[in-house]
Amino acid sequence: MGTTKVKAYGTETAEAPLEQMEIQRRDLTAKDIEIEILYCGVCHSDLHTARNDWGFTTYPAVPGHEIVGKVTKVGDAVTKLKVGDFAAVGCLVDSCQTCDNCKHDLEQYCLNGWVGTYNGQDKYLGGPTLGGYSEKIVVDEHFVLKIPANLDLAATAPLLCAGITTWSPLRHWKVGKGSKVAVVGLGGLGHMAIKLAKGLGADVTLFSRSPDKEKDAFKLGADAVVISTDDSHMNSVIGKFDLIIDTVPYVHDINPYVGTLNVNGTIVLVGYLGPLDPFLHSVPLIMGRKSVAGSLIGGIAETQEMLDFCGEHNIVSEIELIKMQDINEAYERMLKSDVRYRFVIDMASLK
């Protein structure tokens, strides 16, 4: 298969900073779309993958799975988009498309293994898939998404991960008008959870350890803020919530939040990967038929649904635009939670 060289930013080892490199993009197949990348959001998963925090990174690593750009070429059999259209790519670029989960629009749970936009297995060129910190990307049209015309392109980019990661549980647990939803953590994921839950008509509460998040939470659409380190605050919401979306990306005690669930309530973990510490106490679960669950991004149809919903309600992420050359500094700031609320790379800086 023929290839084209493009500029990218990535790393060859876990210890090295990201720097400019050349990568190969495949020539188009009949169902492929080539996208000139205009903006790419920066996700905690990018940092974890670049630094091999999860132990399964294949190098070279080129992160980036919150991609917004313009279609520059299409294969002969492409029907979804045309040259000149704006398009988006999220966390998935392939799956088997034949298993039961794929047939039910749950490609993120593909029984034969979905292919991530980066650090997946590139079935065309071999080696790892390489992500959106690059000039261009070539993707099967099934995994390319349409962007509502009214949305700001740069601020749309984080919807492709932070947006769908919080939208999917909201939809799965049927959040709507009158639902009582709480969000743990006000970062890239948390701020989108508030916006989307509010857009669906829910009563939304933020759990935060810090009172200084109150002003932002209310501005984003929260109806209330509960300080999780204040026992009186926590006691005031015992048994209140139908759904809690926990966006915290590091190990933390979820037991206090379980107590604030209503009967049949669920706390869903979307930010943290790893063992719980301290252990989960089962008594509150049993006494209220409560659940602790997890959720992974969303399928392609669900992601398009989310984008369309955001277009209808004019919902986008709160972003700070950066140059590609500032990515290493941005990673260090992310570790300090020094961003409100999502970095987005202006890919013109790579040219």
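Rules behind the numbers
- In this numbering scheme, every chain counts its residues from 1 along its sequence in written order.
- Selection of residues for local features in this predicted model requires a pLDDT of at least 70, selection of side-chain atom pairs for listing and counting requires 80 or more, and totals for whole chains, interfaces and linings are taken over all residues.
- Values reported for side chains reflect all heavy atoms of the structure, with hydrogen atoms and water molecules removed beforehand.
- Only DSSP runs of H or I reaching four residues or more are called helices, and only runs of E reaching two or more are called strands; each is numbered from the N terminus.
- Residue exposure (1.4 Å probe, protein chains only): buried if accessible area is under 20% of the type maximum, exposed if over 50%, otherwise partly exposed.
- N or O atoms closer than or at 3.5 Å make up a polar contact, with two conditions inside protein: a donor-capable atom paired with an acceptor-capable one, and, for residues adjacent in sequence, both atoms drawn from side chains.
- When DSSP locates at least two bridges between a pair of strands, those strands are taken to pair.
- Helix axes are fitted only over the stretch in contact, all axes being lines through C-alpha atoms; the angle between N-to-C directions runs from 0 to 180 degrees.
- Residues count as neighbours in contact if any of their non-hydrogen atoms are within 4.5 Å of one another.
- Residues grouped as a nonpolar core are buried Ala, Val, Leu, Ile, Met, Phe, Trp, Tyr and Cys residues, joined through side-chain atoms within 4.5 Å.
- For the handedness criterion, the strands are oriented away from the viewer, and a crossover whose path from the first strand over the helix to the second runs clockwise is classed as right-handed.
- We define a salt bridge as a contact between a side-chain nitrogen of Lys or Arg and a carboxyl oxygen of Asp or Glu at a distance within 4 Å.
- Here the expected span of a helix is defined as 1.5 Å times the quantity of residues minus one.

Peer 1: Can you lay out the environment of aspartate 212 for me, pointing to particular residues and giving the numbers?
Peer 2: With respect to the helices and strands, aspartate 212 occurs in the loop between strand 11 (203-208) and helix 6 (214-220). Classification of aspartate 212 by relative accessible area gives exposed; the value is 53%. At a separation of 2.4 Å, a polar atom in the side chain of aspartate 212 contacts the side chain of serine 210.

Peer 1: Which residues make up the sheet that holds strand 15 (residues 291-294), and what values do they have?
Peer 2: Taking strand neighbours across the sheet as the criterion, the 6 strands line up as 12-11-10-13-14-15 in an open arrangement whose pairing is parallel. The outermost strands of the open sheet, each flanked by one partner alone, are strand 12 (224-227) and strand 15. Across the sheet, the axes of successive neighbouring strands diverge by a mean angle of 20°, strand direction being ignored. Where strand 10 (residues 180-184) lies against strand 11, 5 bridges are found, and the strand directions are parallel. For valine 183, the partnering residue across the bridge sits in strand 11 and is leucine 206. Sitting on the sheet, helix 4 (residues 162-172) touches strand 10, strand 13 (241-246) and strand 14 (261-269), and the angle it makes with strand 13 is about 160°.

Peer 1: I'd like a rundown of the pairing of strand 4 (residues 67-74), residues and numbers included.
Peer 2: The sheet contact formed by strand 3 (residues 32-41) and strand 4 spans 7 bridges and is antiparallel. Bridge pairing in strand 4 links tyrosine 39 to valine 68. Pairing between strand 4 and strand 5 (residues 86-89): 4 bridges, direction antiparallel. By the bridge assignment, isoleucine 67 is partnered in strand 5 with valine 89.

Peer 1: Which residues make up the nonpolar core, and what values do they have?
Peer 2: Judged by nonpolar contacts, the single largest core of 91 residues is most densely connected at Tyr133, Leu170, Ile327 and Tyr331. Top element by residues in this core is helix 5 (residues 188-199). It accounts for 6 residues. Apart from the residues lying within four places of it in its own chain, the contact partners of tyrosine 331 are Leu18, Val42, Asp46, Leu47, Ala50, Arg51, Pro63 and Tyr133. Counting residues in hydrophobic clusters, the runner-up holds 16 residues, among them Val184, Met234, Ile267 and Leu269.

Peer 1: Kindly report on the pairing of strand 16 (residues 319-323), identifying the contributing residues and their values.
Peer 2: Here is the key point about a regular strand: its side chains alternate between the two faces of the sheet. One ladder, built from 5 bridges, connects strand 16 with strand 17 (residues 342-346); its direction is parallel. Bridging from a neighbouring strand, lysine 323 pairs with aspartate 346 of strand 17. Remark: the strand 16/helix 11 (residues 327-335)/strand 17 crossover connection has right-handed handedness.

Peer 1: Quick one: what's the story with the environment of glycine 2, residue by residue and with numbers?
Peer 2: Note on placement: glycine 2 falls in the segment before strand 1 (3-10). In contact with glycine 2, other than residues within four places in its own chain, are Arg25, Arg26 and Asp27.

Peer 1: Explain unusual backbone geometry residue by residue, including any values.
Peer 2: Residues tyrosine 59 and proline 60 are joined by a peptide bond in cis, for which omega reads 5°. Mapped onto the fold, proline 60 is located in the loop between helix 1 (44-50) and strand 4. In the segment running from aspartate 277 into proline 278, the intervening peptide bond is cis, with an omega of 0°. Along the polypeptide, proline 278 turns up in the loop between strand 14 and helix 9 (283-288). Look at glutamine 97: it is not a glycine, yet its phi comes out positive at around 60°. Among the secondary structure elements, glutamine 97 is positioned in the loop between strand 6 (92-94) and helix 2 (100-103).

Peer 1: Give a description of the pattern of salt bridges that names residues and reports values.
Peer 2: Under the definition given, this model contains 15 salt bridges. Note that lysine 136 is salt-bridged to glutamate 34, the shortest N-O span being 3.7 Å. Remark: glutamate 34 occurs in strand 3 and lysine 136 occurs in strand 8 (residues 136-140); sequence separation between them is 102 residues. With a relative accessible area of 9%, glutamate 34 lands in the buried category. Where arginine 333 meets glutamate 320, a salt bridge forms, and the shortest distance between an N and an O atom there is 2.9 Å. Taken together, the positions of arginine 333 in helix 11 and glutamate 320 in strand 16 put the pair 13 residues apart, joining distant regions of the chain. Relative accessible area serves as the criterion here: at 28%, glutamate 320 is assigned to the partly exposed category.

Peer 1: Please set out helix 5 residue by residue, giving values where relevant.
Peer 2: Between its first and last C-alpha, helix 5 extends 17 Å over 12 residues, near the 16 Å set by a 1.5 Å rise per residue. Restricting attention to buried positions, one finds in helix 5 the residues Gly188, Leu189, Gly190, His191, Met192, Ala193, Ile194, Lys195, Leu196 and Ala197. Among the residues trailing helix 5, glycine 201 stands out with phi positive, at a value near 100°.

Peer 1: Could you give an account of the environment of phenylalanine 207, naming the residues involved and the relevant values?
Peer 2: Structurally, the position occupied by phenylalanine 207 is in strand 11. The exposure class assigned to phenylalanine 207 is buried, which follows from its relative accessible area of 1%. Between the C-alpha atom of phenylalanine 207 and that of aspartate 246, which follows or precedes it by 39 residues, the distance is 9.2 Å. Discounting chain neighbours no more than four positions away, the residues touching phenylalanine 207 are Ala182, Val183, Val184, Gly185, Val226, Met234, Val237, Phe241, Ile244, Tyr257 and Thr260.

Peer 1: Outline helix 4, listing residues and values.
Peer 2: Burial runs high along helix 4: 9 of the 11 residues are buried. Of the positions making up helix 4, those classed as buried are Ala162, Gly163, Ile164, Thr165, Thr166, Trp167, Ser168, Pro169 and Leu170. Following helix 4 by one or two positions, lysine 174 has its phi on the positive side, about 55°.

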